[in-house]
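# Inside the fold
The primary structure of each chain is shown beneath.
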Amino acid sequence: MFERGHAGEQGARQGEGPARHWTKATALVALGVVVALAACTATGPELTGTSTSAGANGRTDPVAAGPASPPPARIGPRTWADEVLYFVLLDRFADGDPGNNRGVDRRNPGGWHGGDLKGLTQQLDELHDLGVTALWVNPVQLQQPRGMAAQAPGTAGFTHEPFHGYWIADFTQLEPRFGSEADLKRLVEEAHRRGIKVLLDVVVNHAGYFNSYTARRTAAGEPWLRPGEGNCEVNPVTCAVGGLPDFRTEIREVRDHVIDANIGLARRTGLDGFRLDTYKHVESAVWQEHRQRTRAELGHGFFLLAEHWGGTAQSLDAFFERDEVDAGFDFSFKGSCEGWVLGRGRTVAYAAYLRSRHQVRAGYVLAHYLSSHDEPLMLGNLGGDTARFRLCVALQMTSLGMPVIYYGEEVARGGHEWPFNRNDMPWGARDVLPGRGVPRDEGLRDHYRELIRLRLAHPALRRGDYTMLTQPADRVLAFMRRDAASGDAVIVLANREDEALDADVALPPAWNAPAARDRLGGPAGGALAPPRVQDGRLKVDVPAKSVRIVVPSAP
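Residues numbered from 1 in each chain as written. Predicted model: local features only at pLDDT ≥ 70, side-chain atom pairs only at ≥ 80, totals over all residues. Heavy atoms only, no water.

In this fold, His206 is placed in the loop between strand 9 (197–202) and strand 10 (225–226). The class for His206 is buried, based on a relative accessible area of 0%. For His206, the side chain forms a polar contact with the main-chain oxygen of Tyr166, separated by 3.4 Å. In this structure the side chain of His206 is engaged in a polar contact, spanning 3.1 Å, whose partner is the side chain of Asn205. (Helix = DSSP H or I, 4+ residues; strand = E, 2+ residues; numbered from the N terminus. Buried < 20%, exposed > 50% of the residue type's maximum accessible area, 1.4 Å probe, protein only. Polar contact = N/O pair within 3.5 Å; in protein donor to acceptor, adjacent residues only side chain to side chain.)

Our focus in this paragraph is the nonpolar core. Residues Tyr86, Phe93, Leu135 and Phe274 are the most contacted members of the largest nonpolar core, which totals 128 residues. Every residue in contact with Phe274, bar those within four places of it in the chain, is listed here: Leu199, Leu200, Val202, Asn262, Ile263, Ala266, His290, Thr294, Phe302, Phe303, Leu304 and Leu305. (Core = buried A, V, L, I, M, F, W, Y, C linked by side-chain atoms within 4.5 Å. Contact = heavy atoms within 4.5 Å.)

In this section: the packing of aromatic side chains. Per the stated rule, a full pass over the model turns up 26 aromatic pairs. The interplanar angle of 10° and the centroid separation of 4.0 Å between the aromatic rings of Trp80 and Phe303 together place this pair among those described as stacked. Linking Trp80 in the loop between strand 2 (74–75) and strand 3 (85–88) with Phe303 in strand 13 (residues 303–306), this pair joins segments that are 223 residues apart in sequence. For the pair shown, Trp80 and Phe303 are each scored as buried. Between Phe93 and Trp427, the ring centres sit 5.4 Å apart and the planes meet at 75°, which makes this aromatic pair edge-to-face. Of this pair, Phe93 sits in helix 2 (residues 90–93) while Trp427 sits in the loop between strand 16 (402–406) and helix 13 (442–457), placing them 334 residues apart in sequence. In textbook terms, an aromatic cluster arises when at least three aromatic residues are bridged by ring pairs, as seen for Phe87, Trp136, Trp309, Phe329, Phe331, Tyr369, Tyr406 and Tyr407. One Lys or Arg, Arg92, reaches over the ring of Phe163 and ends 3.6 Å from the middle of that ring. Above the plane of the ring of Tyr406 lies Arg413, whose end atom (NZ or CZ) is 4.6 Å from the centre. (Phe/Tyr/Trp six-rings, centres within 6.5 Å; stacked < 30°, edge-to-face > 60°. Lys NZ or Arg CZ within 6 Å of the ring centre and 35° of its normal.)

So, on to the pattern of salt bridges. Within this structure, the stated rule accounts for 56 salt bridges. Through salt bridges with shared partners, a single network forms among Arg252, Arg255, Asp256, Asp260, Arg267, Glu289, Arg293 and Glu297. (Salt bridge = Lys/Arg side-chain N within 4 Å of Asp/Glu carboxyl O.)

The subject of this paragraph is the sheet that holds strand 12 (residues 273–276). Pairing is parallel around the closed barrel formed by 8 strands, whose spatial order is 3-4-9-12-13-14-15-16. With strand direction ignored, the average angle separating the axes of adjacent strands in the sheet is 25°. Of the strand pairs in this sheet, strand 14 (residues 327–330) and strand 15 (residues 365–369) are connected by 4 bridges, and their pairing is parallel. Within strand 15, the position partnered with Gly328 by the bridge is Leu366. (Pairing = 2+ DSSP bridges. Axes fitted to C-alpha atoms, helices over the stretch in contact; angles between N-to-C directions.)

Before going further, it helps to examine helix 9 (residues 332–341). Since the α-helix turns once every 3.6 residues, residues separated by three or four places project in the same direction. The element helix 9 is extensively covered by neighbouring structure, given that 8 of its 10 residues are classed as buried. Within helix 9, burial applies to Ser332, Phe333, Lys334, Cys337, Glu338, Gly339, Trp340 and Val341. Of the residues flanking the end of helix 9, it is Gly343, one or two places downstream, whose phi is positive at about 90°.

The next point concerns the sheet that holds strand 23 (residues 537–542). What the 3 strands build is an open sheet, ordered 20-23-22; its pairing is antiparallel. In this open sheet, the two edge strands, each paired with only one partner strand, are strand 20 (501–506) and strand 22 (532–534). Direction aside, neighbouring strands of the sheet carry axes that sit 25° apart on average. Where strand 20 lies against strand 23, 6 bridges are found, and the strand directions are antiparallel. Within strand 23, the residue paired with Leu501 across the bridge is Val542.

Under the counting rule described, the total for this entry stands at 2 disulfides. Covalent S-S linkage joins Cys337 and Cys392, the inter-sulfur distance amounting to 2.2 Å. Judged by the sign of its S-S torsion, about -115°, the cystine formed by Cys337 and Cys392 is left-handed. Taken together, the positions of Cys337 in helix 9 and Cys392 in helix 12 (residues 386–397) put the pair 55 residues apart, joining distant regions of the chain. Cys337 gets classed as buried once you look at its relative accessible area, which sits at 0%. Overall, the relative accessible area of 0% leaves Cys392 in the buried class. By sequence order of its bonded cysteines, the chain has the disulfide arrangement 1-2, 3-4. (Disulfide = S-S within 2.5 Å.)

Another point: the pairing of strand 15. Most of strand 15 sits out of view: 5 of its 5 residues are buried. Going residue by residue along strand 15, you find Val365, Ala367 and Tyr369 tucked away on one face and Leu366 and His368 tucked away on the opposite face as well. When strand 15 meets strand 16, the two strands line up parallel, connected through 3 bridges. Its bridge partner being in strand 16, Ala367 is matched across the sheet by Met402.

We now examine the packing of helix 12 against helix 13. Two numbers describe how helix 12 lies on helix 13: the axes approach to 9 Å, and their chain directions differ by 20°. Viewed along their axes, helix 12 and helix 13 adopt a mutual orientation that is roughly parallel. The two elements helix 12 and helix 13 meet at a crossing, and its hand is right-handed. For the pair helix 12 and helix 13, the contacting residues are Phe389, Arg390, Val393, Ala394, Gln396 and Met397 in the first and Gly443, Leu444, His447, Tyr448, Leu451, Ile452 and Arg455 in the second. Grouping the constituent residues of the contact of helix 12 with helix 13 by class yields 8 nonpolar, 3 polar and 2 charged. (Parallel < 35°, antiparallel > 145°, perpendicular 65-115°, else oblique. Left-handed = near helix turned anticlockwise from the far one by under 90°. Nonpolar A, V, L, I, M, F, W, Y, C, P; charged D, E, K, R; others polar.)

Along the chain, Arg422 turns up in the loop between strand 16 and helix 13. On the accessibility criterion, Arg422 (0% relative accessible area) is buried. A distance of 2.9 Å separates the side chain of Arg422 from the side chain of Asp374, its partner in a polar contact.

Now the structure itself:
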């Protein structure tokens, strides 16, 4: 889970520790396309390999344990820089097995709501149609047996259950309310059939508040869990994040237990990678060992995505330099885009910020998001202004990195602050619980779908460099992305103002076409003048609160 709290690091995590309005006294007892078109075809990416073959994300090791059938086939040769990642909290997405709904209470904003692995598997076509190429699922191991008393604005108090998956009681078992290991394997198989990779969220740092490890001792008599809460400001490794029992991962027996469990599950089910929770709270030496083990036991292409609170291209570089992971979350993108569309700061400064993201070390990936389970939803922060939200969606899909979609934001899922930033996936008139009858914005989904289609069709938007076209006095944000290998070039122009603006920008030398054409042109249904190239300049009319995306064309 991400963190919340003080001065940029946001203290206790919504999903793991106290809600930010809880008191210290309660903290320890109570604590938030269309198909993939990389080649513009109507089918998903090629599936290659078996459990003993390796592609870009393949394995070279045979299955050593688990089901008799081999893991699902691998996906290749796409790189993770090409993916669009969709994050699902299983319990909130779709209920495919009412038989595992023990303790479900959909009136409780922090309770179990019934979603599971079978439900997500049944709705994979929804994600495939959107254009999603990779899926991130919350931890699925056995959760602590009961919830915690919680308080938050807008509630009269509630019980916060471990529906999010981060309060693990036993790493060697799966949580029945999420489903079985066979259900997870089936999800991976069906996702791979659609060209979708699967990441599982895994925890190494801590156990749940109530767990099977409290009395565990090593052969030398040392406790597995670190006593006391500690101070995460003083030592982020030895503190107890949100009061959660901290594993003494410096002890081999302890870290082997957790890492063995995670790697074994990945090997048996055919997962493509891990999202690594609470990354900054575990020693770098452990992550280096973890990297060596995943490569040796799961294959060189097994993907690792680090959740390091506050991560940016610059602050993540030390981990990339040591090759501990393949990617990290860019925590700066959300707030920077929100600020710009709300009129804060000069447009040229925001253009320079987007350029700075290209300082990421070659071969490593930034994952940038607009909303998450640990932060207020962006649409809520924008006061429900979907036009400004659409601006950020367009900039997310045309910027460097791996875009992350938080389930339901593509259909304007409601909610804002915790715990309502983790409410049910809206399914509208479809008979899918727990979000049956919850309204959804299909027009916004179409906007996502079209932008994902463009991203997958243009190497420049996935891998290209960045040329800032905005000048100090300009009100229109303008930049070019260009992929040198293919020669593909795309210019993006965005207007945050409440009035239409005329953009007039100098074309860079890399733009070698005498004309330009629209790939995404203003508001739906709006008649716009085509972009014009004249005397080495591009002239484009940009409607209020909208984006235009143009590419070279013949005259």
